[in-house]
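Below, each chain spelled out in residue letters.
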Amino acid sequence: MEYIKLNTGAEMPMEGFGVFQIPDAAQCEQVVYDAIKTGYRLLDTAAAYMNEEAVGKAIKRAIADGLTTRKELFIVTKLWVQDTNYEEAKKAIQTSLKKLDLDYIDLYLIHQPMKDYFGAYRAMEEAYKDGILKAIGVANFYPAILANLCETVKVIPAVNQVELHPFFQQESALNNMKDYGVVPMAWGPLAEGKHGIFTDPELTAIGNKYGKTAAQIALKWNMQRGVVIIPKSVHVERMKQNIDIFDFTLSDEDMAVIAKKDLGHSEIVDHSSPQFVKMLHGLKLH
């Protein structure tokens, strides 16, 4: 595993495991346990995924079985839109700690730049100073929104988790994050399976040079850009494939070929859509 240093001084694994869309508690617990057994130490969940308790149980079981220690693990969770204000964020942090059954969270993110995210961020800054959140950050904060936050808050976000894959590369967003010392983390690093990414001819051809799959090439490409990746799979064999990307380096020529695949927009979600904003405001966790 390779690591990247956050602005807190902490080191975060460059590759982790995401649990989006694994709502079944028993399946999620087993999948996370399998991921830890496979070698993943960064685990990414969220209040909105409705599986924090299952993730917590898997962590407890893996530690009890001697697979890892709490110190080795890097746990990420997120504040939902419904709770994005000062008072509710304070409660939500405690709720996530309880559900995960942890004394501290390694990285806590505002899930969407909606409602009173400045108020919520103040609550997160306080929890960071108290040591129950070891790092704080954001998700889905596009460049102007991230810049405004960074210019306003006391604690610069450690991470911004956004959609990043060969078909939506967001180079200007990465440059903006770099300017502020914010580490980019990719959700959907395999484009949620869209664009025929697993059989893409150019990714496959590059993969053939290294004995790797198209998916492994897509993951490695992001990592070589300094992006932390959190691929998800419920299959152990795929988990093993996704983490088996540390024994080769893509050439500049390979990187240039992949750079040409950028569509310049997302085909997964439109964050500028008023309907999307209304929909997220309507999703209630409690």
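Let me sum up the structure you'll find in this document. What you see is a predicted model, and the numbers here were worked out from it, not measured in a lab.

1. Structural notes on the overall build of the chain
Then step 1. Of regular secondary structure, the chain possesses 11 helices and 10 strands.
Then step 2. Against the 2.2 N^0.38 benchmark of 19 Å for 286 residues, the chain shows a C-alpha radius of gyration of 18 Å, consistent with a compact globule.
Then step 3. For the chain, with 286 residues in total, the buried portion stands at 54%.
Then step 4. Long-range contacts, defined here as pairs at least 24 residues apart, represent 75% of the contacts in the chain between residues at least 6 apart.
Then step 5. Carbon and sulfur atoms provide 51% of the accessible area of the chain, an area that totals close to 12,500 Å².

2. Observations concerning helix α3 (residues 86-100)
Then step 1. Across its 15 residues, α3 extends 21 Å between first and last C-alpha, which sits within 8% of the 21 Å expected from 1.5 Å per residue.
Then step 2. Of all the positions in α3, only Ala89, Ala92, Ile93, Ser96, Leu97 and Leu100 are classed as buried. All buried residues of α3 lie within an arc of 135° about the axis, which places them on one face of the element. The exposed residues of α3 that point more than 90 degrees off its buried face are Lys91 and Lys98.
Then step 3. Buried residues in α3 make contact with α2 (52-64), β5 (74-79), β6 (107-110) and α4 (117-130).
Then step 4. The residue sitting at the N-terminus of α3 and contributing the capping side-chain oxygen is Asn85; that oxygen lies 3.3 Å from the backbone nitrogen of Glu87.
Then step 5. Backbone geometry just after α3 places Asp101 at a positive phi near 60°.

3. Considering the pairing of β5
Then step 1. Counting buried positions along β5 gives 6 out of 6 residues, so the element sits mostly inside the fold.
Then step 2. One ladder, built from 3 bridges, connects strand β4 (residues 42-44) with β5; its direction is parallel. Looking across to β5, one finds that Leu42 is bridged to Phe74.
Then step 3. Once the chain exits β4 it traverses α2 before rejoining the sheet at β5, and the crossover so formed is right-handed.

4. Considerations on the nonpolar core
Side chains of a nonpolar character, in soluble globular proteins, are inclined to be buried together.
Then step 1. Counting residues in hydrophobic clusters, the biggest one holds 91 residues, and the most contacted among them are Met12, Leu107, Ile110 and Val159.
Then step 2. If one sorts the elements of this core by residue count, helix α8 (residues 214-224) sits on top with 7 residues.
Then step 3. Setting aside anything within four residues of it in sequence, one finds Leu107 in contact with Met12, Phe74, Ile75, Val76, Thr77, Ala135, Ile136, Gly137, Val159 and Met185.
Then step 4. With 7 residues, the next largest nonpolar core counts Trp80, Val81, Trp187 and Phe276 among its residues.

5. Concerning helix α10 (residues 252-259)
Then step 1. Within α10 the residues assigned to the buried category are Asp254, Met255 and Ile258. Each buried residue of α10 sits inside an arc of 100° when the element is viewed along its axis, so together they form one side. Across from the buried face of α10, at angles greater than 90 degrees, the exposed residues are Asp252 and Glu253.
Then step 2. Here the buried face of α10 lies against α7 (201-210) and α8.

Conventions used here
Residues numbered from 1 in each chain as written. Predicted model: local features only at pLDDT ≥ 70, side-chain atom pairs only at ≥ 80, totals over all residues. Heavy atoms only, no water. Helix = DSSP H or I, 4+ residues; strand = E, 2+ residues; numbered from the N terminus. Rg over C-alpha atoms; globule rule 2.2 N^0.38 Å. Buried < 20%, exposed > 50% of the residue type's maximum accessible area, 1.4 Å probe, protein only. Contact = heavy atoms within 4.5 Å. Areas by Shrake-Rupley, 256 points an atom, 1.4 Å probe, with all protein chains shown as cover. Expected span 1.5 Å × (residues − 1). Arc of directions from axis to C-beta. Polar contact = N/O pair within 3.5 Å; in protein donor to acceptor, adjacent residues only side chain to side chain. Pairing = 2+ DSSP bridges. Right-handed = clockwise from strand over helix to strand, strands pointing away. Core = buried A, V, L, I, M, F, W, Y, C linked by side-chain atoms within 4.5 Å.

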